[in-house]
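In case you want the letters, here they are:
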Amino acid sequence: KQWYQRRVAITAGVDWKYAWLKACEGFCKEHRNTPRVAPHVCTFLRSISIAECFEPIETPTEASKTMFHVKKVFNSVWVEFLKMEKPVELYHEILSSLNTDIIPYMGNPKLLIDFLVDSYDIGGVTSLLALNSLFILITKFNLDYPSFYAKLYRMLSPDLYHCSYTARFIKMLETFLKSPLLPAYLVASFIKKLSRDLLQAPSHVTLMIMKLITNLIKLHPSTKRLLHRGKNHAPADSDPFDPNEKDPAKTHAIDSSLWEIEILLQHFCPDVTQTAGTLRKPTDNVLIGLNLHKDYASLYKEYVKMWSKDPPLEFNQPKTFDASPYSHVFSF
């Protein structure tokens with residue numbers, strides 16, 4: 001009886017959700033070129049809880065048929081909404097939550113391919129936010145996108161390590177490069193490019209990237225040759241690596257070395273120096289945490305706590321004050 005009452009309540013809710021979603025689809029088509037209404041449409045769509053429409057139904061009834069239509073119109077209304085002109089802030093907000101709030105409930109997520117590929121081609125923060133959803137379509141829905149890693153490589157630049165999404169990007173980069181099926185030259189290009197960028201990155205980002213490089217070398221043992229050549233290769237002018245090449249297959253990174261790590265051994269930050277020493281001689285295959293929550297403020301607090309010790313004081317407290325050395329300056 002309780003199950004039946006619940007299904008009746010859900011069915012009634014599904015009916016009005018279908019009607020509102022259908023109306024919203026027509027509204028999006030009509031106001032596609034009106035960016036000021038996009039935030040209101042987004043708020044309305046997020047207010048409709050679509051999760052309960054995906055609960056399994058034991059017997060095929062009218063409710064199941066209605067839910068099927070809701071799922072179908074849910075796909076189409078989001079596709080139409082994504083075609084609307086939107087403010088940049090809303091655009092980024094949608095991209096950041098697409099993989100968790102929308103793709104799991106879409107019957108055919110491949111309908112988002114055009115939107116995600118166009119976002120990925122824009123560059124900058126927009127490309128970064130489109131990465132996760134695009135990677136889901138590639139790995140779980142068999143999207144064929146051969147230039148994914150080439151475009152990902154072109155995103156690497158020192159400017160990227162000064163934005164608010166840096167930690168998120170480094171975490172995604174580790175996920176994208178984990179597969180053992182990736183060729184050694186591709187992973188080597190990413191490792192070498194990241195190493196070169198380390199020389200211009202902030203200290204807390206340098207720590208994250210060095211730990212990422214350590215994990216990549218452990219996951220891809222064929223790239224250890226970059227470490228073994230570290231002391232034998234002269235830096236910069238004789239390095240075969242081409243930092244200006246946009247194609248990771250043509251950078252010659254596999255023939256290079258990580259001489260940048262030797263420079264970081266002289267870094268002013270003790271944590272960076274210690275991590276660089278660990279990277280030169282990895283002792284096991286256990287992956288290390290990236291510690292994505294560190295920033296300059298947390299580093300400062302750690303060092304202040306470490307160095308703020310009580311200064312040494314006189315053991316025997318003097319009982320009198322000898323003013324003779326200061327008699328020509330002060331009168332007591």
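Everything below is about the structure printed above this text.
Below or above, wherever it landed, is the structure these notes cover.

Basis of the calculations
Sequence order as written defines residue numbering, which begins from 1 separately in each chain. In view of the model being predicted, local features appear only for residues whose pLDDT reaches at least 70, and side-chain atom pairs are presented and counted only at 80 or more, with totals across whole chains, interfaces and linings using the full set of residues. Only hydrogens and water are removed before side-chain values are computed, so all heavy atoms of the structure are retained for them. Strands here are runs of E lasting at least two residues and helices are runs of H or I lasting at least four, both read from the DSSP assignment and numbered beginning at the N terminus. Between buried and exposed lies partly exposed: a residue is buried under 20% and exposed over 50% of the maximum accessible area for its type, with that area taken using a 1.4 Å probe on protein chains only. Contacts are assigned to residue pairs with any non-hydrogen atoms lying within 4.5 Å of each other. Each pair of aromatic rings taken from Phe, Tyr and Trp, with Trp reduced to its six-membered ring, is defined by centres within 6.5 Å and is described as stacked if the planes are under 30 degrees apart, edge-to-face if over 60, and tilted in the remaining cases. We call a charge positioned over a ring when the NZ of a Lys or the CZ of an Arg lies within 6 Å of the ring centre and within 35 degrees of the ring normal. Each axis is a line fitted through C-alpha atoms, taken for helices only over the stretch in contact, and angles between the N-to-C directions span 0 to 180 degrees. Here roughly perpendicular refers to angles of 65 to 115 degrees, roughly parallel to angles under 35, roughly antiparallel to angles over 145, and oblique to all remaining angles. Crossings are classed by handedness, with left-handed meaning an anticlockwise turn of the near helix from the far one by less than a right angle and right-handed meaning a clockwise turn. Residues are grouped as follows: Ala, Val, Leu, Ile, Met, Phe, Trp, Tyr, Cys and Pro are nonpolar; Asp, Glu, Lys and Arg are charged; every other residue, Gly included, is polar. The rule for a salt bridge is simple: a side-chain nitrogen of Lys or Arg has to be within 4 Å of a carboxyl oxygen of Asp or Glu. Any N or O atom pair separated by 3.5 Å or less is treated as a polar contact, with the protein-specific requirement of one donor-capable and one acceptor-capable atom, and with residues adjacent in sequence counted only for side-chain atom pairs.

With that settled, consider the overall build of the protein. Within the protein, the regular secondary structure consists of 14 helices and zero strands. Beginning at the N terminus, the succession of helices and strands in the protein can be written as α-α-α-α-α-α-α-α-α-α-α-α-α-α. Counting all 332 residues of the protein, 44% fall into the buried class. Long-range pairs, those at least 24 residues apart, make up 74% of the contacts in the protein with a sequence separation of at least 6.

Moving on: the packing of aromatic side chains. Tallying each qualifying case throughout the model produces nine aromatic pairs. One aromatic cluster is present, built from ring pairs that chain together Tyr120, Phe135, Tyr145, Phe148, Tyr149 and Phe176. Over the ring of Phe81 we find Lys86, and its NZ or CZ is 5.7 Å from the ring centre. Above the plane of the ring of Tyr91 lies Lys86, whose end atom (NZ or CZ) is 5.7 Å from the centre.

Now for the packing of helix H4 (residues 88–101) against helix H5 (residues 113–122). Interhelical geometry of H4 versus H5 gives an angle of 120 degrees and a closest axis separation of 12 Å. With respect to H5, the axis of H4 lies oblique. By crossing handedness, the relation of H4 to H5 is classed as left-handed. Contacts from Tyr91, Leu95 and Leu98 in H4 reach Phe115, Leu116, Ser119 and Ile122 in H5. The residue makeup of the contact of H4 with H5, split by class, is six nonpolar, one polar and no charged.

A separate point is the pattern of salt bridges. Under the counting rule described, the total for this entry stands at eleven salt bridges. Note that Asp101 and Arg46 form a salt bridge whose closest N and O atoms lie 3.4 Å from each other. Residue Asp101 is located in helix H4, and its partner Arg46 is located in helix H2 (residues 38–47); the two are separated by 55 residues in the primary sequence. Here Lys192 makes a salt bridge to Glu260, at a shortest N to O gap of 2.8 Å. Taken as a pair, Lys192 in helix H9 (residues 184–198) and Glu260 in helix H12 (residues 259–264) lie far apart in primary sequence, 68 residues in all. Taking relative accessible area as the criterion, Lys192 reaches 0% and is therefore assigned buried. Residue Glu260 is classed as buried on the basis of its relative accessible area of 0%. Salt bridges sharing common partners tie together Lys192, Arg196, Asp239 and Glu260.

Attention now goes to the environment of Ser96. Its location among the elements puts Ser96 in helix H4. Remark: the alpha-carbon pair of Ser96 and Leu128, spanning 32 residues in sequence, is separated by 9.2 Å. In contact with Ser96, not counting residues within four places along its chain, are Leu129 and Arg168. Within the structure, the side chain of Ser96 is placed 2.8 Å from the backbone oxygen of Glu93, a separation counted as a polar contact.

Mapping Tyr120 onto the fold places it in helix H5. On the accessibility criterion, Tyr120 (3% relative accessible area) is buried. The spacing of Tyr120 and Leu152 is 32 residues in sequence and 9.2 Å in space, taken between C-alpha atoms. Other than its neighbours up to four places away in sequence, Tyr120 contacts Ser127, Ala130, Leu131, Leu134, Tyr145, Phe148, Lys151, Leu152 and Met155.

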